Amino acid sequence: MAKLPVTLEQLTESFGPHLARSTGNRLETGIEPDSVVKTHCCFCGQQCGIQLKVKDNQVIGFEPWEDFPFNRGMLCPKGVKRYLQGAHPDRLVTALKRDPSHPSGFSPMPYAEAIDRVATEIKRIQAVHGRDAFALLSGASLTTEKAYLMGKFARVALKTANIDYNGRLCMVSAGAGNKKAFGIDRAANPWSDMLKTDVVWISGANVAECAPITTNYVWQAREHGAKIIVVDPRITPVARTCDLFLPIKPGRDIALFNGILHLMIENDWLDHDFIQNSTVGFEAVAEHVKQWTPKFTAKVTGIAEKSIRQAAEWWGTAKTSFLMHARGIEHHSHGVQNVLGAINIVLASGRIGRENCGYATITGQGNGQGGREHGQKCDQLPGGRDISNPEHRAYIAKVWDVSPDDLPQAGVDAYEIFRKIDKGEIRGLLSLCFNPKVSLPDNAFVTKALEKLEFYVAIDFFLNETAHHADIVLPGSLHEEDEGIVTQIEGRVIKINKVIDPPGEARQDWRIIQDIARQMGAEKGFTFASPQEMLDELRIASKGGVADYSGITYEKVERQHGVFWPCPSDDHPGTPRLFEPGSWNPIAKGTGPFYFPDGKARFVVAGYTPPTEDVDTEYPIILTTGRVISHFLSGSQTRRIGPLVDQYPEPRVEMHPRLAEKLGIANGDLTTVESRRGNCTLKAHVVTTIRPDTVFIPYHWAGRQSANQLTISAQDPISKIPEYKVCAVKVFKARD
């Protein structure tokens, strides 16, 4: 029973989060660093270029990297302060074992003994309960080499079907929608294509806080004359500077896209040649959107009919455009349908596959793109291959020198893994850089499931809230303590460079995974001496797949400031813009630019369904959740960096003055938000920048401050992404 070994207060006292601030060498303005290393920020999917200054194996500061083309030296507050997670007092530097007799709940143990215990427990659980009774959960901020290794470790060493990753909470709806419409899952354009467009459409993306450098591209486009349309329940910072704001009711995005397409057809704002020659399925979609008149669309979305007509006209009559979206439309039980609706209005315009005609989904996590392409997703093999496809299985099995019959079939998604733990079907768990106790919805259920595990090993560099339940903790590596590639927001593969050595007995995650494999007697295939060797094998494994990295090398990445995949040969420069006329891909084989046998894109009927849990008389207010600029995901890193916590020290419940007045709540009042799954009490933040029927809570905090005590575990049936953006709550002033 993996309950907390000691009280939460004792765990927090020993393992934090404590706040790191600049001290010592970091305050010395005249100090000469030992080295200045070009690498990338460890946080969001933009992966901005940065130069880290090193003194005595410690990162003491940074310099802008102005030559890197994506961010040109610009950084957000997280990038500026990222170096403070190095040499942090909470850093794990030894292996730990669960020890309720120890004041901290954990006591140090020799690394070799910890590895032996892990290997023994994995073998015991699998021998008694079957291979699939042990599951793996990994992260989308890992380098692509590590993500590749995790998928191989699961399928070859453990032979378990049950591996998934926290990208399940990020981009899977976008990926599924893109594959249905285009046959490939990647942002279609470099961000530079945004600069000279007539219209930039942003749906469900708090760009200024979640992808701050992208704001500069939006503003440059505006300076060149573009009109900016923002769709969101909140007037986010970028929305405050847009030309047209559409304050959509949460969970109704597909209705808006269908209404826009209705007006495009009604006014003949269509590219008939493109639709005729480069797509299929338009007639069925056109028939479906007949019902989405402006009046009906306005009624469902809560947006004024006049604004819907204005948006349709700007979008429909533009010569160039760039549409992008993020979790605001994807974190829904119909997230894939929302994505398909967005793609439908792009295809109807014909504005894709050309300069300054773009479509993209904004990556959230550091390697949210590359981390889902090469095998740690439950249904995917390297190269974006399908684990249920016999040809794909045979190819990867040959690379791995195993029989295709020995490869497990698809496992279950990250949340379903916890349902299986709850049912007793999964008895053991290994996690790597994943904090599901904070980041998964309805986290009281997640906690209950964790408490049922027979054995849990966590690999991480800080003891996050989920790892409080671990039997063994293995000290992993920070971003700057390893090297490898990641794929950033545009589809550009870049190189993370090693800056310092891991402290104490901490070591690179891939070394830990290989040590476990060796101790289990499954060493074959896990003797890589470096990330370079892993990349060399990954290049072969991805060759011929949709996500083809076979022509990507460290040298080429650094020489070109990144390589856009697909890059199918050593002499190929990469593919910055997808779907250009005349382009070749391994599926269409020259019949057209899209990744289907006929080379044509797919219009897909995107039917409207309301949120799984809509408001009612008992729970009459919509809760939506998201991020703030100074924190990242579950906050395991940013809640330990003093200047970032100073900016936003605690979560608040954001509400409109009209709702606050109705509820008798003033700004700063302690306010309880309660759903059918739990409640939390936070200070009210009364602002005019949110719909009066909606409240917003950021999700970076743990325990009684966690927004995910309230959220619902309903999932999209295709992508399995949870519905973080809508659930029903009641709100009232906290009782004394």
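Look a little higher up for the structure.
Presented here is an overview of the structure given in this document.

**What about empty space enclosed by the protein?**
(1) Moving on: Counted by the stated rule, this structure contains two cavities of 30 Å³ or more.
(2) Moving on: One number sums up the size of the second largest cavity: a volume of about 90 Å³.
(3) Moving on: Lining the second largest cavity, in full, are Cys 41, Phe 43, Cys 44, Gln 46, Gln 47, Cys 48, Leu 75, Cys 76, Lys 78, Gly 79, Pro 212 and Ile 213.
(4) Moving on: When contributions to the lining of the second largest cavity are tallied by element, the ones reaching two or more residues are α2 (77–81) and α7 (212–223).
(5) Moving on: A breakdown of the residues in the lining of the second largest cavity according to their chemical character gives eight nonpolar, three polar and one charged.

**Structural notes on the pattern of salt bridges**
(1) Moving on: Under the criterion given, the structure shown has 43 salt bridges.
(2) Moving on: The partner of Glu 330 in a salt bridge is Arg 327, with the nearest N and O atoms 2.7 Å apart. Taken together, the residues Glu 330 and Arg 327, both in helix α13 (residues 327–330) and three residues apart, mark about one turn of the helix. There is no split in this pair, since Glu 330 and Arg 327 are both buried.
(3) Moving on: Its salt-bridge partner being Asp 379, residue Lys 377 comes within 3.0 Å of it at the nearest N-O pair.
(4) Moving on: Each of the salt bridges in this network shares a partner with another, and the network as a whole consists of Arg 117, Glu 121, Arg 124, Arg 427 and Glu 454.

**So, unusual backbone geometry**
(1) Moving on: Cis geometry is found at the peptide bond from Gly 16 to Pro 17, where omega equals 20°.
(2) Moving on: If you trace the backbone, Pro 17 turns up in the loop between α1 (8–15) and β1 (35–40).
(3) Moving on: Of note, the amide linkage connecting Trp 565 to Pro 566 takes the cis form, showing an omega dihedral of 5°.
(4) Moving on: Residue placement: Pro 566 occurs in the loop between β21 (563–564) and β22 (601–602).
(5) Moving on: Backbone geometry places Gln 47, a non-glycine residue, at a positive phi of 50°.
(6) Moving on: Residue placement: Gln 47 occurs in the loop between β1 and β2 (49–55).
(7) Moving on: By relative accessible area, Gln 47 is classed as buried at 1%.

**A word on the packing of helix α8 (residues 253–266) against helix α11 (residues 294–301)**
(1) Moving on: Running from N to C, α8 and α11 point in directions that differ by 165°, and their axes come no closer than 9 Å. Considered as vectors, α8 and α11 are oriented roughly antiparallel to each other. When you trace α8 past α11, the crossing you get is left-handed. Residues Ala 255, Leu 256, Gly 259, His 262 and Leu 263 of α8 lie in contact with α11, whose contacting residues are Pro 294, Thr 297, Val 300 and Thr 301.
(2) Moving on: Considering only residue class, the contact of α8 with α11 consists of five nonpolar, four polar and no charged.

**Considering the sheet that holds strand β10 (residues 244–246)**
(1) Moving on: Spatially, five strands are ordered β10-β9-β8-β12-β13 in an open sheet, and the strand pairing comes out parallel. At either margin of the open sheet sits one strand with a lone partner, and together these are β10 and β13 (357–361). Within the sheet, the average angular offset between the axes of one strand and its neighbour, ignoring direction, is 10°.
(2) Moving on: Summarising the sheet, strand β8 (residues 199–203) and strand β12 (residues 321–325) pair through five bridges and their orientation is parallel. Opposite Ile 202, over in β12, you have Met 324 as the bridge partner.

Criteria and thresholds
- Residues numbered from 1 in each chain as written.
- Predicted model: local features only at pLDDT ≥ 70, side-chain atom pairs only at ≥ 80, totals over all residues.
- Heavy atoms only, no water.
- 1 Å grid on protein atoms, 1.4 Å probe; cavity = no way out; pocket = protein on both sides within 12 Å on 5 of 7 lines; lining within 4 Å.
- Points joined across faces, edges and corners; volume = space filled by probe spheres on them.
- Helix = DSSP H or I, 4+ residues; strand = E, 2+ residues; numbered from the N terminus.
- Nonpolar A, V, L, I, M, F, W, Y, C, P; charged D, E, K, R; others polar.
- Salt bridge = Lys/Arg side-chain N within 4 Å of Asp/Glu carboxyl O.
- Buried < 20%, exposed > 50% of the residue type's maximum accessible area, 1.4 Å probe, protein only.
- Axes fitted to C-alpha atoms, helices over the stretch in contact; angles between N-to-C directions.
- Parallel < 35°, antiparallel > 145°, perpendicular 65-115°, else oblique.
- Left-handed = near helix turned anticlockwise from the far one by under 90°.
- Contact = heavy atoms within 4.5 Å.
- Pairing = 2+ DSSP bridges.

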